[in-house]
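Single-letter residue listing:
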Amino acid sequence: MPRVLLIECSPNDQASPGGQLAREMARRIHPKAEVTVRNLVRDPLPPLCAGYAEAVVGKSNCEEEAFLLSEQLIGELEASQYLLISTPMHNYMVPAALKLWLDYVVRIRRTFEIHDGQRIGLLEDRPTFVVLSSGGHYLGAKAKQMDFLSPYLRHVLGIIGLHHVEYIHLQGLAGGEVEVATALQQARERLSFNPVFAAEPYPDVLV
Ligand SMILES: Cc1cc2nc3c(=O)[nH]c(=O)nc-3n(C[C@H](O)[C@H](O)[C@H](O)COP(=O)(O)O)c2cc1C
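Scoring rules and cut-offs
Each chain has its residues counted from 1, following the order in which its sequence is written. The predicted origin of the model limits local features to residues at a pLDDT of at least 70 and limits the giving and counting of side-chain atom pairs to 80 or more, whereas totals for whole chains, interfaces and linings rest on all residues. As a rule here, side-chain values come from all non-hydrogen atoms in the structure, and water together with hydrogens is ignored. Throughout, near means a residue has at least one heavy atom within 4 Å of the molecule or strand. Definition of a polar contact: a pair of N or O atoms within 3.5 Å, with one able to donate and the other able to accept a hydrogen when the atoms are protein atoms, and with sequence-neighbouring residues admitted only if both atoms are side-chain atoms. Per-residue and other accessible areas were derived by the Shrake-Rupley procedure at a 1.4 Å probe size, with only the shown protein chains allowed to occlude residues. Classification convention: Asp, Glu, Lys, Arg as charged; Ala, Val, Leu, Ile, Met, Phe, Trp, Tyr, Cys, Pro as nonpolar; all other residues, Gly among them, as polar. For two strands to be treated as a pair, DSSP must find no fewer than two bridges joining them. Counting from the N terminus, the helices are the DSSP runs of H or I reaching at least four residues and the strands are the DSSP runs of E reaching at least two. To define axes, lines are fitted to C-alpha atoms, for helices over the stretch in contact only, and angles between the resulting N-to-C directions are given on a 0 to 180 degree scale. A 1.4 Å probe rolled over the protein chains alone gives each residue an accessible area, and that area as a share of the maximum for its type sets the label: buried under 20%, exposed over 50%, partly exposed in between. Stacked, edge-to-face and tilted are the three classes for Phe, Tyr and Trp ring pairs, Trp counted by its six-membered ring, which pair at centre distances within 6.5 Å; planes under 30 degrees apart are stacked, over 60 edge-to-face, the rest tilted. Bend at a residue means the angle formed by two fitted axes: the first through the 7 residues ending at that position, the second through the 7 residues beginning there. Between two residues, a contact is recorded if the distance between any of their heavy atoms is within 4.5 Å. We call a set of buried residues a nonpolar core when its members are Ala, Val, Leu, Ile, Met, Phe, Trp, Tyr or Cys and they connect through side-chain atoms within 4.5 Å of each other. A patch is a set of surface residues, each over 30% in relative accessible area and not in a salt bridge, joined within 9 Å for like charges and within 5 Å for the nonpolar side chains Val, Leu, Ile, Met, Phe, Trp and Tyr. Salt bridge, as applied in this entry: a Lys or Arg side-chain nitrogen positioned within 4 Å of an Asp or Glu carboxyl oxygen.

A. Molecular detail of the site of the ligand. Around the ligand, the surrounding shell holds 15 residues, and the nearest of these are S10, S16, N91, G136 and Q145. The contact in question runs from a nitrogen atom of the ligand to an N or O atom on the backbone of N91, over 2.8 Å. Coverage of the ligand by the protein amounts to 71% of the 640 Å² it exposes when considered alone. Of the residues in the shell around the ligand, the class split is 5 nonpolar, 10 polar and no charged.

Below you can see the structure in the form of structure tokens.
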């Protein structure tokens, strides 16, 4: 069965429309998918410690202890065939909780290396979907703000080898219940044309 890693980082937890959609997407990949949920708000990661920071920049040996959590989080990534990230936009960027996760998983000599000035991603590429929720609009006719989040996240995931990244934009959620319902409905419609989220029958249960 496919293994899915679902990263959630909304302070609104179960009430987050993006989180609801991402959990639904995990089930739509396959009803028996093994889904690992890493909720970065319910179970916050500790701030980076000096040992980790020094070892990352090569000023000290790799102390295993400092890397334990980083190894665990990278291990969750390595074990997944699909990556789903549900993230709100916070001040035009990724929320702090997601940035901290990135600081643990984007690690030189472990998930990327540099050769002749070029960064080489060391993780196997896999389908990655980012559900991006925002109060306002940054795309389309109603756009009134910058979006540093999606280009940044696409860039940093690419550094570690994840290039197959698709965004599902839930914009204008501050508008109220109707806007939330409309954004969800439009996203579900678009997903129904994506083979990864196709309705049954699932390929491996065909007789
Ligand atoms: C600290 C903070 C910063 C925010 N910054 C932005 C922003 O820059 N642009 C925007 O459109 N919405 C912004 N919002 C609104 C959220 O993106 C919006 O409420 C979104 O629907 C939250 O999704 P969630 O329920 O998945 O957390 C911000 C909200 C918070 C709490």
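B. Geometry of the sheet that holds strand 6 (residues 128-133). An order of 2-1-3-6-7 is seen for the 5 strands of this open sheet, with the pairing classed as parallel. This sheet does not close on itself; its edge strands, each paired only once, are strand 2 (34-39) and strand 7 (165-170). Shown here is a sheet whose adjacent strand axes are inclined to one another by a mean of 15°, direction ignored. Across 5 bridges, the pairing between strand 1 (residues 3-8) and strand 3 (residues 82-88) is parallel. Paired with E8 across the two strands is S86, which belongs to strand 3.

C. The pairing of strand 3, seen in detail. Counting buried positions over the 7 residues of strand 3 gives 7, a clear majority of the element. Along strand 3, one buried face is formed by Y82, L84, S86 and P88 and the opposite face, lined by L83, I85 and T87, is buried too. As paired strands, strand 3 and strand 6 are joined by 6 bridges and run parallel to one another. Among the inter-strand pairings, T87 is bridged to a residue of strand 6, identified as L132.

D. Looking closely at the packing of aromatic side chains. For the structure shown, the criterion picks out 3 aromatic pairs. On the numbers, 5.3 Å between centres and 50° between planes, the contact of Y52 with Y104 is tilted. Of the two residues, Y52 is situated in helix 2 (residues 50-56) and Y104 in helix 4 (residues 96-105); the sequence distance between them amounts to 52 residues. Taking the relative accessible area as the measure of exposure, Y104 reaches 4% and is therefore buried. Ring plane angle 70° and centroid distance 4.8 Å describe the contact between F129 and F197, whose orientation is recorded as edge-to-face. Remark: F197 occurs in the segment after helix 6 (177-191) and F129 occurs in strand 6; sequence separation between them is 68 residues.

E. The arrangement of helix 3 (residues 64-78) in detail. The sharpest bend along helix 3 comes to roughly 30°, located at S70. Among the residues making up helix 3, those that are buried are A66, F67, S70, L73, I74, E76 and L77. Buried residues along helix 3 sit against strand 1, strand 2, helix 2, strand 3 and helix 4.

F. Quick peek at the nonpolar core. I7, L77, L98, W101, V106 and L153 are the most contacted members of the largest nonpolar core, which totals 37 residues. Where this core is concerned, the elements lending two or more residues are strand 1, helix 2, helix 3, strand 3, helix 4, strand 6, helix 5 (149-159) and strand 7. Ranked by size, the runner-up nonpolar core spans 21 residues in total, among them V4, I29, L170 and L184.

G. A look at a nonpolar patch on the surface. Where nonpolar side chains cluster on the molecular surface, the patch consists of Y92, M146 and F148 and spans about 320 Å² of accessible area. In this structure, F148 sits in the loop between strand 6 and helix 5. Under the relative-accessibility criterion, F148 is labelled partly exposed at 44%.

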